[in-house]
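Summary of the model geometry
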Amino acid sequence: MCLLLGATGVGKTLLVKRLQEVTSGDGKGDLGEPPPTRPTVGTNLTDIVAQRKITIRELGGCMGPIWSSYYGNCRSLLLLGLLSAEQLAEASVLILFNKIDLPCYMSTEEMKSLIRLPDIIACAKQDITTAEISARKGIGLAGVLDWLQATRRGDG
């Protein structure tokens, strides 16, 4: 199971919908206008089928205080924000820098510096990867799918 966590309004639901669009078609065409979304209240389970089936559990941002109760079945993590938890020490982590299509977007290096990512990586027990994406425009989604497939293979 892959957990998708992040604060309210960072684009978790849109990311999942776009990943579904990419995997349901050839993944090479224009994704068009973004589908409508609503804030997730609770949890959404979505199966993404690329080379293999990947189940993504999206937890609404308002569920932050109880996210840890979902860590047990987590084998990979898509993170739109930051958190720290011992229960996730074995899970591979992909930190997504979303909304790169906005004119006021900070560079990846600025964001890594701001969140002190080199320090986090130095202390982490698991692999941490970063990716720039635009769920709205579909930029970087193929890389997210590749990462999910690679981490899924590690589950055995």
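It should be noted that the structure appears before, not after, this text.
A short tour of the structure in this document, coming up.

What counts as what
- Residues numbered from 1 in each chain as written.
- Predicted model: local features only at pLDDT ≥ 70, side-chain atom pairs only at ≥ 80, totals over all residues.
- Heavy atoms only, no water.
- Helix = DSSP H or I, 4+ residues; strand = E, 2+ residues; numbered from the N terminus.
- Rg over C-alpha atoms; globule rule 2.2 N^0.38 Å.
- Buried < 20%, exposed > 50% of the residue type's maximum accessible area, 1.4 Å probe, protein only.
- Contact = heavy atoms within 4.5 Å.
- Pairing = 2+ DSSP bridges.
- Axes fitted to C-alpha atoms, helices over the stretch in contact; angles between N-to-C directions.
- 1 Å grid on protein atoms, 1.4 Å probe; cavity = no way out; pocket = protein on both sides within 12 Å on 5 of 7 lines; lining within 4 Å.
- Points joined across faces, edges and corners; volume = space filled by probe spheres on them.
- Nonpolar A, V, L, I, M, F, W, Y, C, P; charged D, E, K, R; others polar.
- Core = buried A, V, L, I, M, F, W, Y, C linked by side-chain atoms within 4.5 Å.
- Expected span 1.5 Å × (residues − 1).

What follows deals with the overall build of the chain. Helix and strand content of the chain: four helices and six strands. Reading the chain from its N terminus to its C terminus gives the helix and strand order β-α-β-β-β-β-α-α-β-α. The C-alpha atoms of the chain give 15 Å as radius of gyration, which agrees with the globular expectation for 156 residues (15 Å, within 12%). A buried classification covers 38% of the 156 residues belonging to the chain. A fraction of 62% describes how many contacts in the chain between residues 6 or more apart in sequence connect residues 24 or more apart.

Attention shifts here to the sheet that holds strand β1 (residues 2–6). What the six strands build is an open sheet, ordered β2-β3-β1-β4-β5-β6; its pairing is mixed. Each edge of the sheet is formed by a strand with only one pairing partner; in this case those strands are β2 (43–49) and β6 (128–132). Going across the sheet, the axis of each strand differs from the next one's by a mean of 25 degrees, ignoring polarity. In this structure, β2 lies alongside strand β3 (residues 53–59), joined through seven bridges in antiparallel fashion. Within the sheet, the bridge partner assigned to Thr46 lies in β3 and is Ile56. Relative to the sheet, helix α1 (residues 12–24) contacts β1, β2, β3, β4 (76–80) and β5 (92–97), its axis offset from that of β2 by approximately 20 degrees.

As a further point, take the environment of Gly143. The residue Gly143 is located in helix α4 (residues 141–153) in this model. Accessibility expressed as a relative area gives 42% for Gly143, which makes it partly exposed. Counting along the chain gives 12 residues from Gly143 to Ala131, while the straight-line C-alpha distance between them is 7.8 Å.

As a further point, take the environment of Arg38. Its location among the elements puts Arg38 in the loop between α1 and β2. For the pair formed by Arg38 and Ser69, sequence separation is 31 residues and the distance between their alpha carbons is 24 Å.

This part covers the layout of surface pockets. Within this model, the largest pocket holds a volume of roughly 390 Å³. Taken together, 24 residues line the largest pocket, and the ones lying closest to its centre are Gly9, Val10, Gly11, Lys12 and Thr37. With three residues, α1 is the largest single contributor of residues to the lining of the largest pocket. Within the lining of the largest pocket, the residues separate by chemical class into eight nonpolar, 10 polar and six charged.

On to the nonpolar core, then. Grouped together as the largest cluster of nonpolar side chains are 22 residues, with contacts concentrated most on Leu15, Leu19, Ile56, Leu78, Leu96, Val144 and Leu148. Those elements that place two or more of their residues in this core are β1, α1, β3, β4, β5 and α4. Apart from the residues lying within four places of it in its own chain, the contact partners of Leu15 are Leu4, Leu78, Leu96, Ile133, Ala135 and Leu141. Ranked by size, the runner-up nonpolar core spans 17 residues in total, among them Trp67, Ala91, Val93 and Ile128.

In this section: α1. Compared with an ideal rise of 1.5 Å per residue, which puts 13 residues at 18 Å, α1 spans 19 Å between its outermost C-alpha atoms and is within 8% of the ideal. The set of residues buried in α1 consists of Lys12, Thr13, Leu14, Leu15, Val16, Arg18, Leu19 and Val22.

The next subject is the environment of Arg152. Along the chain, the position of Arg152 falls in helix α4. Arg152 sits in the partly exposed class, given a relative accessible area of 31%. In this structure the C-alpha to C-alpha distance between Arg152 and Thr55, which are 97 residues apart in sequence, comes to 9.9 Å.

β4 sits mainly inside the fold: five of its five residues count as buried. Where burial is concerned, the two faces of β4 agree: the one with Ser76, Leu78 and Leu80 and the one with Leu77 and Leu79 are both buried. When β1 meets β4, the two strands line up parallel, connected through five bridges. By the bridge assignment, Cys2 is partnered in β4 with Ser76. In this structure, β4 lies alongside β5, joined through four bridges in parallel fashion. In the sheet register, Leu79 faces β5, and the bridge partner there is Ile95.

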